[in-house]
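Structural description and commentary
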Amino acid sequence: MPDEVRLDDPTPEPSPRRRRPRTQSRSAATRHVSSLRRSQRRLVGEEHPTPPPLDEGHTGPEPAIRTDDAADAASGTRARLRAALLRPGRGQILAAVILFIVGVAGAMQIRINTTDDTYASARREDLIQLLDGLSAESRRLEGEIAQLEQTRRNLQSGADTQRVARSEAERHLTELAILAGTAPAEGRGIRMRIADPKAAVDAGVLLDAVEEMRDAGAEVIEVNNTIRVVASTWFSSGAQGLVIDGKAVNRPITMEVIGDPHSLEEAARFRGGIVSEITGPKIGGQVQIEPADRVVIESLHAPRENQYARPAPPPPTPR
Amino acid sequence: MIPLLGLLAGIVLGIVLEPSIPQVLQPYLPIAIVAAMDALFGAFRAYLEGTFTDRVFVVSFISNVLIAAAIVYVGDQIGVGAQLATAVVVVLGIRIFTNAAAIRRALFHA
């Protein structure tokens, strides 16, 4: 029966026990012929997609048998389903076992998919891509860290430089303040007491004494514990007696000098120096010099505001 | 009836016992499940058409699952795992739809 060929035949599980008793009666030759017919139809291109009702016109010269077959198949399907519900067989047990396995696997997979982290089941390429992205990101962040650390170092060294400059400036300021006489000072030095019974020590002698002290490295000089001798100090002797910076100088005159005591004393005592001048017959005074480890000078010089002089911009640095 | 009960029991057991498979096999489980679904649909279709055989069913089920997993495994080894997995899923999906259409035709004649 060549018309028995069904076109929607691609059953995934072709069974050895095929279909009706009628189909089983087909001989190998008939099957061969039918398959040849099928390929012929396919080549000619008149084959319709699959639905069985449509292929009636092509294949069935015996419509009675075909309708009978279709009805038979339909009723067979129903009957099989009914029979399966009523009398389960070995196949159903097997199917149950396999469905059981599929159910377990499906539940497992769903659980893995929902609860597990995304990386456990990811493929190697995806993981590599993720890793690439992460390492690129971390490289970028490391660069940023290095940059920020560099910035921090710069700021720190800037702050250090500023602190050093400030302490330097402060040191400079105290030096200048001592030099200008606006700050009290202390240190090793000498006390020189000039007894002058004839009141013959005049401004010139005193200026000589100050010059000698400065030559010997005196850093701070004070007269009579009240007058600070600075760069602008002036000396005069007139009718009202000895005057330094507008202040009268009482006798005996005491000079306190900060500097190297030995040098200062030598500078005062050398032949033809200040001591011999004062103790000479012309003045007839006495000089008493005592070195001291700690000479404190607390009198201050009141600086005058400069009326004309202004700081000039520094000259351009030579290249 | 019994197969449905088996499926339900499997799902319940899978949810309750939370079994786990080795890490190595985890990427192939989804593909295996799709292949198993294909085999199940094919078996149901064959059953409705009267051509069902338990031996063929078991053999086709196991071979489908193993071949699908093996294809993806080979793909992973040669660097086209993701693409081959997609290909397997597409082919199996087409087969599942074809089988579903046949089942629908056998059940409802439409």
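In this model, chain B carries an average pLDDT of 86, and 99% of its residues clear a pLDDT of 70 or more. Taken element by element, the predicted model of chain B shows its lowest mean pLDDT in helix α1 (residues 2-17) of chain B (83) and its highest in helix α4 (residues 81-108) of chain B (90).

Take the packing of aromatic side chains next. Residues and elements named next belong to chain B. Under the counting rule described, the total for this entry stands at 4 aromatic pairs over all chains. Taking the centre distance of 6.0 Å and the plane angle of 70 degrees together, the rings of Y28 and Y73 count as edge-to-face. Of this pair, Y28 sits in the loop between α1 and α2 (29-48) while Y73 sits in helix α3 (residues 54-78), and the two are 45 residues apart along the sequence. Judged by its relative accessible area of 44%, Y73 falls in the partly exposed class.

Once that is clear, we can look at the sheet that holds strand β4 (residues 235-238) of chain A. Residue and element names in this part refer to chain A. Strand order in this open sheet of 3 strands is β4-β5-β6, and the pairing throughout is antiparallel. Of all the strands in the sheet, the pair left with one neighbour each is β4 and β6 (247-248). For strand β5 (residues 241-244) and β6, the ladder comprises 2 bridges, and the chain directions are antiparallel. Across the sheet, residue V243 finds its bridge partner in β6, namely A248. Relative to β4, helix α7 (residues 203-215) is tilted by about 160 degrees, and along the sheet it contacts β4 and β5.

For the rest of this paragraph, the subject is the sheet that holds strand β7 (residues 253-258) of chain A. Residues and elements named next belong to chain A. Strands sit in the order β3-β2-β7-β1-β8 across an open sheet of 5 strands; the sheet is antiparallel. Strands with a single pairing partner mark the edges of an open sheet, and in this sheet they are β3 (227-229) and β8 (286-297). Each neighbouring strand pair of the sheet contributes to a mean axis angle of 25 degrees, computed without reference to strand direction. One ladder, built from 4 bridges, connects strand β2 (residues 220-223) with β7; its direction is antiparallel. Bridge pairing in β7 links I221 to V257. Most of the contacts of α7 go to β7, to which it runs at about 15 degrees, and overall it touches β1 (185-195), β2, β3 and β7.

The biggest cluster of nonpolar side chains holds 32 residues, and the ones touching the most others in it are M192, M213, I221, V223, I253 and M255 of chain A. Among the elements that line this core, the one with the most residues is α7 of chain A, at 6 residues. Counting residues in each nonpolar core, the second largest holds 21 residues, with A95 and V102 of chain A together with A32 and V88 of chain B among its members.

This part covers α4 of chain B. Residues and elements named next belong to chain B. Over its 28 residues, α4 extends 40 Å from the first C-alpha to the last, a length consistent with the 40 Å expected when each residue adds 1.5 Å. All of the buried residues along α4 are G81, A85, V88, L92, I96, N99, A101, A102, I103 and A106. Two residues or fewer after α4 comes H109, characterised by a positive phi angle close to 55 degrees.

We now examine the pairing of β2 of chain A. Residues and elements named next belong to chain A. Here β2 shows no split at all, with V220 and E222 on one side and I221 and V223 on the other all buried. Bridging between β2 and β3 involves 3 bridges; their strand directions are antiparallel. Following the sheet pairing, I221 is matched in β3 by V229. Linking two consecutive strands that pair antiparallel, namely β2 and β3, is a turn of 3 residues; a positive phi of about 55 degrees is found at N224 within it.

Time to look at the environment of I96 of chain B. All names here are of chain B. Residue position: I96 is located in helix α4. In this structure I96 comes out as buried when scored by relative accessible area, which is 13%. Leave out the neighbours within four places in its chain, and I96 touches V34, M37, D38 and F41.

Residues and elements named next belong to chain A. Along the chain, I190 falls in strand β1. On the accessibility criterion, I190 (0% relative accessible area) is buried. Between the alpha carbons of I190 and R294 there is a distance of 8.8 Å; along the sequence they are 104 residues apart.

Moving on to the pattern of salt bridges. Residues and elements named next belong to chain A. Summed over the entire model, instances satisfying the criterion amount to 11 salt bridges over all chains. One salt bridge connects R140 with E137, and the closest N-O pair in it is separated by 3.1 Å. Taken as a pair, R140 and E137 lie in helix α6 (residues 124-180) at a separation of 3 residues, close to a single helical turn. Accessibility expressed as a relative area gives 47% for R140, which makes it partly exposed. For R140, the salt bridge is made with E144, and the minimal N-O distance between the two is 3.5 Å. With R140 and E144 both in helix α6 and 4 residues apart, the pair spans about one turn of that helix. For E144, a relative accessible area of 38% puts it in the partly exposed group. Here the salt bridges share partners, and the residues they tie into one network are E137, R140 and E144.

Conventions used here
Residues numbered from 1 in each chain as written. Chains lettered and ligands numbered in written order. Predicted model: local features only at pLDDT ≥ 70, side-chain atom pairs only at ≥ 80, totals over all residues. Heavy atoms only, no water. pLDDT = per-residue confidence, 0-100. Helix = DSSP H or I, 4+ residues; strand = E, 2+ residues; numbered from the N terminus. Phe/Tyr/Trp six-rings, centres within 6.5 Å; stacked < 30°, edge-to-face > 60°. Buried < 20%, exposed > 50% of the residue type's maximum accessible area, 1.4 Å probe, protein only. Pairing = 2+ DSSP bridges. Contact = heavy atoms within 4.5 Å. Axes fitted to C-alpha atoms, helices over the stretch in contact; angles between N-to-C directions. Core = buried A, V, L, I, M, F, W, Y, C linked by side-chain atoms within 4.5 Å. Expected span 1.5 Å × (residues − 1). Salt bridge = Lys/Arg side-chain N within 4 Å of Asp/Glu carboxyl O.

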